[in-house]
Amino acid sequence: MDKILEVSNLEVEFQLHRKKFKVVEDISFSVNMGETLGVVGESGSGKSITMLSIMGLLPWTARVTSGSVTFKGIDLLEDENITKVRGKDITMVFQDPMSSLNPSLKIKTQLTEVLIEHEKLSFNDAYSRSLQMLNLVGMADAKSVMERYPFELSGGMRQRVMIAMAMLCKPSLLIADEPTTSLDVTIQAQILELLRGLKEKFRTSVIFISHDMRIISEIADKVIVMYAGKIMEKSDRILFFKQPLHPYSKGLLMSVPDRKAGNSKRLYTIKGDPPNPTEFSKGCRFAPRCPYASKKCFEISPPLHQVKSSFVSCWLYSHERESVR
Ligand code: SF4
C-alpha cells in the first residue's frame, strides 16, 4: 500500500503568559492511500491540535517544536509546501460548518472560489463542477442551494456543503474532525455513508477524529487512541475492537452504551478527568485514573511497546516485547 502521510515524533508546544508547555508529544503514525485512520480520545487529548499541525493551522500561541510531517514525500512543516496542498490535495471538515462557511456569501460563491483558486477554472466551469459535487453529496435541490446563504440551510445540509467543498478538488487526504457530532443520528448515518462512498469513488484517504467509538468501529481501517497529548494505543481496527490493550482504550469501549440493554444497565464511566496540559505529570498520564496503576506508573512514562501487531504505551505490557522507542 502506498503511504501518503507520515507523522514522526511530532511535538507541539503552547506558550501562555511566558510559560511554555507541550500539548502533544511523541506522535507518530502513517496513513496509506485509500485508508481511513480513526483517531479517538476525550476532549483535550490532542487530536485536533495534531491535525491542525499537519494542516499548518496552529494558533499563533502554538508551534511545532520537533518531529516531521511528510505528505507524498513533501515536508509539510515548510510553510510554502503546506500552502500549496492545503484546500486542494489535503482538506479538512470541521464539527461546526458555520465556523468554516462564510455567513455573508452565497454557497455558489464559496464553492466556485475553491476551483477558481486551486484549478484556475472559469466561473461557469467552476459552477457546473460545484453543482455536480452538490448532487454527488446527495443534496436535494442543489441548484437552489447554490443561491442560498449558509444560515438558510439546516445543520445536515451545511455539513454536506462542507464535504462537497472539501471534495471539489478530489483531495488525496481528507481530515474530518468530529464531522457528525452536532448532527442527529439519522443525518449522522447519512453523512458517514456519504464519506464512505466518496472515499471509494476518489480513493481519498481519511483521518476521522471522533470521541464516538461506535462510529470509529464502522468507518476506520486502523485506530489511534490519544490521551493527554500522547498516543496510548495504535492498532488495526479489527484487532482493536476485539482485544483492546491499554486500560484507557478498555475504559472507552466499556463506556459505549449498550443499545440492547436499554436503560437497565448502568453506564460505565472512567473515573476522574483528563489532566490539564499545564500539569502533565512525568509518569504515565493516565495513572491517576487507572485501576492498575503502580508506583512505577506514577514515576516513569511508559514508551510505546509493540505487542503482536499493535502498539501500546503501558507498563503492563513491557515484558511482552521490547520498547520501540
Ligand atoms: Fe495504567 Fe500503569 Fe499502564 Fe499507565 S502504565 S495505563 S497507569 S497500568
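Residues numbered from 1 in each chain as written. Predicted model: local features only at pLDDT ≥ 70, side-chain atom pairs only at ≥ 80, totals over all residues. Heavy atoms only, no water.

## Some remarks on the overall build of the protein chain
Regarding its fold elements, the protein chain presents eleven helices and twelve strands. Relative to a compact globule of 325 residues, whose C-alpha radius of gyration would be 20 Å, the protein chain shows 21 Å and is just as compact. Dimensions along the principal axes, computed over C-alpha positions, put the protein chain at roughly 65 × 50 × 45 Å. In the protein chain, buried positions account for 49% of the 325 residues. Relative to all contacts within the protein chain whose residues are 6 or more apart in sequence, the contacts with residues 24 or more apart total 63%. Counting 44 positive and 37 negative side-chain charges, the protein chain places the centres of these two groups 3 Å from one another. (Helix = DSSP H or I, 4+ residues; strand = E, 2+ residues; numbered from the N terminus. Rg over C-alpha atoms; globule rule 2.2 N^0.38 Å. Buried < 20%, exposed > 50% of the residue type's maximum accessible area, 1.4 Å probe, protein only. Contact = heavy atoms within 4.5 Å. Lys, Arg positive; Asp, Glu negative; His and termini not counted. Charge placed at Lys NZ, Arg CZ, Asp CG, Glu CD.)

## Description of the packing of helix α6 (residues 155-167) against helix α7 (residues 185-202)
The geometry of α6 relative to α7 is characterised by a closest axis approach of 11 Å and an angle of 10° between their N-to-C directions. Between α6 and α7, the interaxial angle falls into the category roughly parallel. The two elements α6 and α7 cross, and the hand of that crossing is right-handed. On α7, the residues touching G156, Q159, R160, I163 and M167 of α6 are I187, Q190, I191, L194, L195, L198 and F202. Of the residues in the contact of α6 with α7, the class split is eight nonpolar, three polar and one charged. (Axes fitted to C-alpha atoms, helices over the stretch in contact; angles between N-to-C directions. Parallel < 35°, antiparallel > 145°, perpendicular 65-115°, else oblique. Left-handed = near helix turned anticlockwise from the far one by under 90°. Nonpolar A, V, L, I, M, F, W, Y, C, P; charged D, E, K, R; others polar.)

## Some details on the sheet that holds strand β12 (residues 310-312)
Taken together, eight strands build an open sheet; the order of strands is β6-β7-β8-β3-β9-β10-β12-β11 and the sheet is mixed. Bordering the open sheet on either side are β6 (90-93) and β11 (305-307), each of which pairs with just one other strand. Direction aside, neighbouring strands of the sheet carry axes that sit 20° apart on average. In the sheet, strand β9 (residues 222-227) pairs with strand β10 (residues 230-236) via six bridges, with the strands oriented antiparallel. Within β10, the residue paired with M226 across the bridge is I231. Relative to the sheet, helix α10 (residues 247-254) contacts β9 and β10, its axis offset from that of β9 by approximately 105°. (Pairing = 2+ DSSP bridges.)

## Details of the pattern of salt bridges
Taken as a whole and assessed by the stated rule, the structure comprises 13 salt bridges. One salt bridge connects K3 with E6, and the closest N-O pair in it is separated by 3.6 Å. On the basis of relative accessible area, K3 is assigned to the partly exposed category, the value being 45%. Given a relative accessible area of 32%, E6 falls into the partly exposed group. Residue D221 is joined to K199 by a salt bridge in which the shortest nitrogen-to-oxygen separation is 3.5 Å. Taken together, the residues span a long stretch of sequence, with D221 in the loop between α8 (213-219) and β9 and K199 in helix α7 at a distance of 22 residues. Note on K199: relative accessible area 16%, which makes it buried. Sharing partners across several salt bridges, the network here consists of K106, K108 and E147. (Salt bridge = Lys/Arg side-chain N within 4 Å of Asp/Glu carboxyl O.)

## Remarks on the environment of I209
Its location among the elements puts I209 in strand β8 (residues 205-210). Along the backbone, I209 and V40 are 169 residues apart, and their C-alpha atoms lie at a distance of 6.1 Å. Residues contacting I209, with those up to four places away along its chain left out, are V39, K47, M51, I175, A176, D177, E178 and P179.

## Describing the confidence of the model for the protein chain
Mean pLDDT over the protein chain works out to 91, with 96% of the residues at or above the 70 mark. Between residues 321-325, whose pLDDT stays under 50, and residues either more than four places distant or in other chains, the model counts 15 contacts. (pLDDT = per-residue confidence, 0-100.)

## Topic: the site of the ligand
All residues in the neighbourhood of the ligand are listed as H246, P247, C284, A287, C290, Y292, A293, C297, P302, C314, W315 and L316. Residues belonging to the shell around the ligand are distributed by class as follows: eleven nonpolar, one polar and no charged. (Near = heavy atom within 4 Å.)

## Description of the sheet that holds strand β2 (residues 19-32)
Read across the open sheet, the four strands follow the order β2-β1-β4-β5; overall the sheet is antiparallel. Of all strands in the sheet, those with a lone pairing partner are β2 and β5 (74-75), marking the two edges. Inspection of the sheet shows strand β1 (residues 3-16) paired to strand β4 (residues 62-71) by eight bridges, in the antiparallel sense. Residue pairing in the sheet places V7 in a bridge with V69 of β4.

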